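Take a look at the letters that make up each chain.
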Amino acid sequence: MLLRMSTLLLRTLREDPADAEVPSHRLLLRAGYIRRAAPGGYTWLPLGKLVLDRITEVIRSEITAIGDQEVHFPALLPAEPYRTSGRWTEYGDDIFTLADRKGAEHLLAPTHEELAALLVKDLFTSYRDFPVTLFQVQTKFRDEARPRAGVLRGREFLMKDAYSFDLDEAGLQAAYDRHRGAYRRIFDRLGLDYTVVRAMSGAMGGSASEEFLAATPVGEDTFVGCTSCDYAANTEAVSTPTPAAADPDAHPPVEVHDTPDTPTIASLVELANTRRLGGRDYWTAGDTLKNVVLTVRRPGADLAEPLVIGVPGDREVDLKRVEAALAPAAVAVFEDWDAHPELVRGYIGPQIMAKLGVRYLVDPRVAPGSAWLTGANEPGRHATHVVSGRDFTPDGTIEAADVRAGDPCPSCSSGELTIRRGIEVGHIFQLGRRYTDAFAVDVLGPAGKPVRPTMGCYGIGVSRAVAAVAEQHHDDRGLVWPAAIAPCDVHLVAAGKGPQLEAAVDLGGQLAAAGLRVLVDDRTGVSAGVKFADAELIGIPRTVVVGRRLAEGYVELRDRATGERSELPVPELVDTLVGDVRRDRV
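Let me sum up the structure you'll find in this document. Note that the structure is a prediction, hence the values are computed from the model and not measured.

Counting its secondary structure elements, the chain contains 14 helices and 32 strands. The dimensions of the chain, computed from C-alpha atoms along their principal axes, are 95 × 70 × 50 Å. Counting only residues that meet the buried cut, the chain has 51% of its 586 residues in that class. Partitioning the contacts of the chain with sequence separation of at least 6, the portion at a separation of at least 24 is 69%. Taken as two groups, the 66 positive and 83 negative side-chain charges of the chain have centres that lie 4 Å from each other.

Shown next as structure tokens:
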């Protein structure tokens, strides 16, 4: 393949676009890989399409190697299967819906679990047909409220999704493990620094799931690791060690105190210690019980209901953790205080929640028998010795408090949690029988009785992976593509006004004939400085400069990642580069 910049659909930019928020967005736009077409929608220009295709090739090679079979489902889907599964309602505003000319409702596919289950139901009737795994690489759609960060979070994106069907849990586990291993090989080949973490299943449903997170400061996901063991989890899935239950009757009775002008936890703690509330002067924020009011609207419900969450006062409620725990319900901050005067803002305590009929969930640290300083449900008043299991009984526990560096590891007894940010590039799920139950997918088992298959699903964000690699592989001059997915193997730059241009095109043709992907900068009227800057911005692994020493029979070879430069005799160029590229491809 030989591409010539004089005719290539490519426009590089000297300055960062004003709306580009993160490095990958800025550089993919500046280097001419993508172009914004609409909010959350991007056109892939020739160089960008080459990277997208090379990543797809890596994924396809590893996925077919484990026995998956490629299909292609439609992107425009009827509403009925998604109504049957419940996800038409669960997805809510996150999906694009439309009606055809006859009024039949459709959606643009966010995922295809329903279609995969129906296809298996249609074609397979016997246990002898199993196991089977189907996959596709296809455009997906999601109605993001605020598309951002370029192709990292758009409304239209390319995804590899696979669906496994097995007759029992052992088969499902084997399929899950095969895909987990394949994903590791894929992300290794893409040159990504990634971590496999425990995750929540969300609207997909099922039990176990893990995410593959590419570490980067601009990542939308926060994940933890342990200083002593191999525990790793998305913060949404971190479990809190629960204190041992105590005797609720071991505490003094509740005392109510006047606590004027204490709008914050800090001011409450200061007053409590100054006045020795409850007979002590060593109160901390962690001894207080903060009660946060939210609203929860279940899928299909017209109205939202109030929900109160109790957490220790030294913690904040993390809405992302709440949303993950309550998915697919929609969660929002409570604002309608005037309509609920029984909820005394700033002085809410759990003692009246049961009487009010308000659902009350607590952090696991609020263990039975624990006593707290909390609101007395009267303006300017708080109460001490408010005991869980005696003065209030929560409706359950919820992982809602923020996770912090230094928190104890929930998996081992000695480690502390560290926190990093990352981009989700892959997610694997053990779905179980949610979808085969929904569509009554049964086959004849070996004993002559119906058997219902169990499912797994396995996704990779292909277009997102382009951005994730760009986030991890760039410097202050531009992109630095790993050789396995770069748009071209070699970038030839003709520097000079003499025979360099003709020689660069000729060398490019020789390299292309030898099986390399070649980009030649054969533009005229463009300075050598601009060509060199564009070469660094575009980020192809090797640059060959055909310059002044051509007359002496030499060209310069530059390594984009290391910056190393060497001179090479022209007759040796093709064999040297072919050997280098072949080693990259092994």
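The rest of the description comes next.
As a further point, take the packing of helix α2 (residues 46-65) against helix α11 (residues 462-472). Viewed as axis vectors pointing N to C, α2 and α11 meet at an angle of 110°, and their least axial separation amounts to 9 Å. The pairing of α2 with α11 is recorded here as roughly perpendicular in orientation. Remark: the crossing between α2 and α11 carries right-handed chirality. Together, Val51, Leu52, Ile55, Thr56 and Ile59 of α2 and Val462, Ser463, Ala465 and Val466 of α11 make up the contact between the two elements.

Quick look at the nonpolar core now. Tyr33, Phe187, Leu190 and Trp481 are the most contacted members of the largest nonpolar core, which totals 63 residues. The element best represented in this core is α2, accounting for eight residues. Apart from residues lying up to four places away in sequence, Trp481 is in contact with Leu28, Tyr33, Val51, Val466, Val469, Ala470, Ala486, Pro487, Ile538, Gly539 and Pro541. Grouped together as the second largest cluster of nonpolar side chains are 26 residues, Ala79, Ala116, Phe165 and Phe429 included.

Taken as a whole, this structure holds 44 salt bridges when the rule is applied. The salt bridge partner of Lys290 is Glu316, with a shortest N-O separation of 3.3 Å. With Lys290 in strand β15 (residues 289-297) and Glu316 in the loop between β16 (305-312) and α8 (319-326), this pair connects stretches of sequence that are 26 residues apart. Overall, Lys290 belongs to the buried group, its relative accessible area being 15%. With a closest N to O distance of 2.9 Å, Arg523 and Asp521 form a salt bridge. When salt bridges with common partners are traced through the structure, they connect Asp475, Asp476, Arg477, Glu536 and Arg560 into a single cluster.

The next thing to look at is the sheet that holds β16. In spatial order, the strands read β17-β15-β16-β18-β21; together these five strands make up an open sheet with mixed pairing. Each edge of the sheet is formed by a strand with only one pairing partner; in this case those strands are β17 (330-333) and β21 (396-397). Relative to β17, β15 is paired through four bridges, and the arrangement is antiparallel. Bridging from a neighbouring strand, Val296 pairs with Val331 of β17. Sheet contacts for α8: β15, β16, β17 and β18 (359-362); angle to β17, the most-contacted strand, approximately 150°.

What the second largest pocket holds in volume is close to 570 Å³. Surrounding the second largest pocket, 24 residues form its lining, Lys290, Asn291, Val292, Val293 and Gly346 being those nearest its centre. Elements supplying a minimum of two residues to the lining of the second largest pocket: α7 (265-275), β15 and β19 (371-378). The greatest single-element share of the lining of the second largest pocket, amounting to six residues, is contributed by β15. Classifying every residue of the lining of the second largest pocket by side-chain character gives 14 nonpolar, seven polar and three charged.

Parameters at a glance
- By convention here, each chain's residues receive numbers from 1 onward along its written sequence.
- Two thresholds apply to this predicted model, a pLDDT of at least 70 for residue-level local features and 80 or more for giving and counting side-chain atom pairs, whereas whole-chain, interface and lining totals are computed over all residues.
- In computing side-chain properties, one takes all heavy atoms of the structure into account and sets aside hydrogens as well as water.
- Secondary structure elements are taken from DSSP: a helix is a run of H or I of four residues or more, a strand is a run of E of two residues or more, and numbering for both begins at the N terminus.
- Accessible area is worked out with a 1.4 Å probe on protein chains only. A residue is then buried under 20% of its type maximum, exposed over 50%, and partly exposed in between.
- The contact criterion used throughout is that any non-hydrogen atoms of two residues lie within 4.5 Å.
- When charges are tallied, Lys and Arg are placed among the positive residues and Asp and Glu among the negative ones, while His and the ends of the chain are skipped.
- Charge placement uses NZ in Lys and CZ in Arg. For Asp and Glu, CG and CD serve respectively.
- Note on geometry: axes are C-alpha line fits, over the in-contact stretch for helices, and angles between N-to-C directions span 0 to 180 degrees.
- Here the angle decides the label: under 35 degrees means roughly parallel, over 145 means roughly antiparallel, 65 to 115 means roughly perpendicular, and every other value means oblique.
- The hand of a helix crossing depends on one turn: near helix anticlockwise from the far one by less than a right angle means left-handed, and clockwise means right-handed.
- Among buried residues, those of type Ala, Val, Leu, Ile, Met, Phe, Trp, Tyr and Cys that are joined through side-chain atoms within 4.5 Å constitute a nonpolar core.
- Any Lys or Arg side-chain nitrogen found within 4 Å of a carboxyl oxygen on Asp or Glu counts as a salt bridge.
- For two strands to count as paired, DSSP must find a minimum of two bridges between them.
- In this analysis, the protein atoms alone were mapped onto a 1 Å grid. Cavities are point sets where a 1.4 Å probe fits without being able to get out; pockets are open sets with protein on both sides within 12 Å along at least five of seven lines; lining residues have an atom within 4 Å of a point.
- Grid points are joined across faces, edges and corners, and a volume is the space filled by probe spheres set on the points.
- Gly is put with the polar residues, along with every residue not named as nonpolar or charged; the nonpolar set is Ala, Val, Leu, Ile, Met, Phe, Trp, Tyr, Cys and Pro, and the charged set is Asp, Glu, Lys and Arg.

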